[in-house]
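Residue-level structural notes
Read off the chains here:
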There are 2 protein chains.
Amino acid sequence: MFDAINHHASKYISPSGEDIKVFNTQLQPKRVAKKTFLLQEGEICRFEGFINKGCIRTYYINETGAEVTLQFAIEDWWVSDIASFHEQKPSRMFIETLEDCELLILSPTSKETLLREAPCFERMFRIMVQRNLSRMQERLFKTITTTAVDKYLDFLERYPTIPQRVAQHYIASYLGFSPEFLSKVRTKLSKK
Amino acid sequence: MFDAINHHASKYISPSGEDIKVFNTQLQPKRVAKKTFLLQEGEICRFEGFINKGCIRTYYINETGAEVTLQFAIEDWWVSDIASFHEQKPSRMFIETLEDCELLILSPTSKETLLREAPCFERMFRIMVQRNLSRMQERLFKTITTTAVDKYLDFLERYPTIPQRVAQHYIASYLGFSPEFLSKVRTKLSKK
């Protein structure tokens, strides 16, 4: 159950056997059925979840009532609303499972215990958050400067397995396209 | 010279005297005149700079050739292109001083040394990056959902001293307004 997450941690840090024991003790396994909300707008996010199995979507609802997909997360990724989790303030997001999922959950208290008893994990979370910030920055740039075809190609590079796993209209809402426009882009690419 | 940054660190962590000594040894003081580029598009960012004195603007140039302001940074803030710094890849940004500045600089090597010799600073950087990520997420939401007047009021709340320190057209480019439109928003507010 902890193989994937321990391997994940070893990409960032070199924890001792004792550190790993503390880490695994703090993780709460959780199975969640497909199409379940882990978080809804207005709630406080009380988890950081590592995905052992499954696919999850994060989105918000914009002023016209449309869903805007922020992120897809699959095996070996963490999912959370980091702002809501750390400041314990209401979230603007929805986090919803798209497939049956197996998660390992850290609560605010268990994360605190982990970082107190095995402080080497500070480094893992620092690097993870940095990468997250880099990606969000990059996405902000790309949203503004890239053509539709390049946006879709970037998406495929970043999320190679997602198109087989999730509905097209979710991908369209990630890219800021209408489903019809995404379909046109795909046709254009398939003719190349 | 290190009073402000040591006080800043104490808001996140409780370093020992030895930790503080390591920290201050790794910081390189640097004076930079007004209107100097610390980073230009295409360069690799080799610094994280703590601002002891002065005001700095981060921006990029969009596809129409217009400057888009990402951030203003003043005393007690850090400035860097975190993605470029940590992955040592070319930046998309410009970082420019708006006033004469006094900085304390960490290079990739000195940051590495700091974190190896005083690992309690991992926590400080982790929390700082988390807040940065929260703010960027919030800004993404607000850009999409807020009215012009509310955007400007949010800006004033976040940057109360900036309107006295920087040219109006920089503030307009942060808010995504034309300078004329910002002027209208300010007039509207002053009549309230």
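Because the structure is a prediction, the values reported are computed rather than measured. (Residues numbered from 1 in each chain as written. Chains lettered and ligands numbered in written order. Predicted model: local features only at pLDDT ≥ 70, side-chain atom pairs only at ≥ 80, totals over all residues. Heavy atoms only, no water.)

**Let's talk about the pattern of salt bridges**
The full count for this structure, using the stated rule, is 22 salt bridges over all chains. Between E96 of chain A and R57 of chain A there is a salt bridge whose closest N-O contact spans 3.8 Å. Taken as a pair, E96 of chain A in strand β7 (residues 94-97) and R57 of chain A in strand β4 (residues 56-61) lie far apart in primary sequence, 39 residues in all. Note on E96 of chain A: relative accessible area 8%, which makes it buried. The partner of R126 of chain A in a salt bridge is E122 of chain B, and the shortest N-O contact between them spans 2.8 Å. Taken together, the residues R126 of chain A in helix α5 (residues 121-145) and E122 of chain B in helix α5 (residues 121-145) connect one chain to another. Residue R126 of chain A is classed as buried on the basis of its relative accessible area of 3%. Classification of E122 of chain B as buried rests on a relative accessible area of 5%. (Salt bridge = Lys/Arg side-chain N within 4 Å of Asp/Glu carboxyl O. Helix = DSSP H or I, 4+ residues; strand = E, 2+ residues; numbered from the N terminus. Buried < 20%, exposed > 50% of the residue type's maximum accessible area, 1.4 Å probe, protein only.)

**Let's talk about the state of the cysteines**
Taken as a whole and judged by the stated rule, the model has zero disulfides over all chains. In this structure C101 of chain A is a free cysteine whose sulfur lies 7.2 Å from that of C55 of chain A, the closest cysteine sulfur available. (Disulfide = S-S within 2.5 Å.)

**Considerations on the pairing of strand β7 (residues 94-97) of chain B**
Along any regular strand the residues' side chains alternate between the sheet's two faces. Residue and element names in this part refer to chain B. Burial along β7 is two-sided: the residues F94 and E96 and I95 and T97 are all buried. Pairing geometry for strand β4 (residues 56-61) and β7, over four bridges, is antiparallel. Each residue of the ladder has a partner; that of T58, found in β7, is I95. (Pairing = 2+ DSSP bridges.)

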